[in-house]
Amino acid sequence: MSEPTRLPLEGIRILDLARMGPGLHSSQILGDFGADIIKLEPPSKGGKELIPPAVISRNTRSIRLNLKKPIGREILEKLTANVDVVVEGFKPGVAKRLGLDYDSLSQIKSDIICVSLSGFGQEGPYSQVVAHDLNYQSLAGIPHMTGDVDGPPKIPGNAIADDAGGISAALAIMMALFHKQRTGEGQFVDLAMVDTLLNMMLLQLHFAQAERNTPRRGQTVLSGRYAYYNIYPCKDGKYLSVGPFEPWFWAKLCGLLGVEEFAERQHPETEAEARAQIERLREIFLTRDRDDWTRELMFQDTCVTPVLDLDEVMSDRNHRERGAIVSGSDLGEGFEDQVGLLFRMSKTPGRIRRVAPAVGQDTRDVLLEIGYPESEIDELEREISTA
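This structure is a prediction, so every number in the text was calculated from the model and none was measured.

1. Looking at the packing of aromatic side chains
Logical step 1: Evaluated as defined, the whole model comprises eleven aromatic pairs.
Logical step 2: Centre to centre, the rings of Y232 and F285 are 5.2 Å apart; their planes meet at 40°, and the pair counts as tilted. Here the residue Y232 occupies a position in strand β7 (residues 230–233), and F285 occupies one in helix α10 (residues 271–285), the gap between them amounting to 53 residues.
Logical step 3: Note on Y232: relative accessible area 1%, which makes it buried.
Logical step 4: Residue F285 is classed as buried on the basis of its relative accessible area, which comes to 0%.

2. With respect to the environment of P8
Logical step 1: With respect to the secondary-structure elements, P8 resides in the segment before β1 (13–16).
Logical step 2: Here P8 falls in the partly exposed class, since its relative accessible area comes to 34%.
Logical step 3: When residues no more than four places from it in sequence are discounted, the contact partners of P8 are F33, M345, T348 and P349.

3. Structural notes on the packing of helix α1 (residues 22–32) against helix α6 (residues 160–183)
Logical step 1: At their nearest, the axes of α1 and α6 sit 7 Å apart, and the two run at 50° to each other. Relative to α6, the element α1 lies oblique. Our pair here, α1 against α6, has a crossing hand that is right-handed. Here P22, H25, S26, I29 and L30 of α1 come into contact with α6, specifically with D162, D163, G165, G166, I167, A169, A170, I173 and M174.
Logical step 2: Broken down by class, the residue content of the contact of α1 with α6 amounts to eight nonpolar, four polar and two charged.

4. Section: the nonpolar core
Logical step 1: Judged by nonpolar contacts, the single largest core of 24 residues is most densely connected at L15, I75, L79, L367 and Y372.
Logical step 2: Elements that contribute at least two residues to this core include exactly β2 (36–41), α2 (70–81), α15 (363–369) and α16 (374–384).
Logical step 3: Tallying contributions element by element places α2 first for this core, with four residues.
Logical step 4: Beyond its immediate sequence surroundings of up to four residues, I75 is in contact with L65, L367, I370, Y372, L380 and I384.

Cut-offs and rules
- Residues numbered from 1 in each chain as written.
- Predicted model: local features only at pLDDT ≥ 70, side-chain atom pairs only at ≥ 80, totals over all residues.
- Heavy atoms only, no water.
- Phe/Tyr/Trp six-rings, centres within 6.5 Å; stacked < 30°, edge-to-face > 60°.
- Helix = DSSP H or I, 4+ residues; strand = E, 2+ residues; numbered from the N terminus.
- Buried < 20%, exposed > 50% of the residue type's maximum accessible area, 1.4 Å probe, protein only.
- Contact = heavy atoms within 4.5 Å.
- Axes fitted to C-alpha atoms, helices over the stretch in contact; angles between N-to-C directions.
- Parallel < 35°, antiparallel > 145°, perpendicular 65-115°, else oblique.
- Left-handed = near helix turned anticlockwise from the far one by under 90°.
- Nonpolar A, V, L, I, M, F, W, Y, C, P; charged D, E, K, R; others polar.
- Core = buried A, V, L, I, M, F, W, Y, C linked by side-chain atoms within 4.5 Å.

Laid out in structure tokens, this is it:
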């Protein structure tokens with residue numbers, strides 16, 4: 001049997017103090033590709049801790065450490081000296097007060113990379129504002145552009161700031177590691193989730209500025225203004241998404257639906273005509289079930305797909321065959337069906353290697369790795385794991 005391919009981030013160690021928010025997703029991504037992620041957890045709060053779902057803590061290790069005790073601080077400093085990256089998600093100013101900011105940690109290890117994750121950044125008028133994902137989305141204009149033209153803003157159904165922020169954090173860490181490889185220098189990374197969302201809204205904000213007119217939801221191409229980029233109900237109460245931007249795909253769909261006259265009128269000049277096209281397609285799609293339409297249209301160059309519910313997403317044959325959704329039974333004991341790796345690499349693919357650890361499960365191993373003698377481990381572990 002051949003040896004498993006070396007993972008691209010083997011040898012990179014990351015100390016994760018963030019625990020929640022984008023830090024979870026960032027650690028999961030980098031852990032999937034071989035980074036040794038050591039999650040630092042505080043002492044037990046009697047079952048009142050926030051424990052994230054196991055699938056987003058896979059490929060990580062966990063230690064308990066009471067930073068308020070001198071021995072806890074000593075261990076933190078030894079950990080810092082043995083890792084490449086420290087990630088924290090404290091409210092701005094707290095890391096400095098605790099001596100966990102870049103200036104303090106770089107005194108322990110000069111080439112350390114320190115990543116601070118927050119909603120609004122370490123500086124600025126909103127830096128001390130307490131907020132969550134929906135708030136960050138709101139300040140980037142996302143709910144404003146989500147929903148029907150005559151209705152209120154809608155809540156998107158996912159923690160976009162956390163998830164996109166985690167991807168951004170992973171990218172920032174890789175850039176910092178690349179710089180360190182070339183120069184030997186560590187650095188500080190200030191990552192705000194709102195900044196990530198603003199980058200996701202780049203084009204919408206550009207068009208609003210260029211046209212000197214702030215659009216409303218339902219009044220832009222991407223929010224349902226036209227028939228060719230919309231969602232339609234079907235006879236069985238399920239939905240289709242329709243998105244043929246290109247004129248030739250739109251013409252193909254119009255021909256298959258028997259509305260050839262719409263092909264040359266992809267962008268109606270009046271709102272009334274645009275609404276009439278949408279209503280006509282709505283009437284047509286309501287005549288048959290979603291899966292009937294899917295079979296007829298999806299593979300005919302029409303940019304039509306079903307809107308899947310989450311159970312259907314998990315069982316979708318494309319996702320399964322690509323490994324975008326993986327079976328727990330294929331991964332090994334203790335795994336559940338879950339989302340696979342973020343991308344596939346031909347020479348250095350990632351792997352889902354281990355289930356999420358129990359909180360503090362790896363404390364003993366980590367203490368041994370950073371130089372504590374085995375004879376002291378039991379007593380030391382008890383001391384640092386309690387309040």
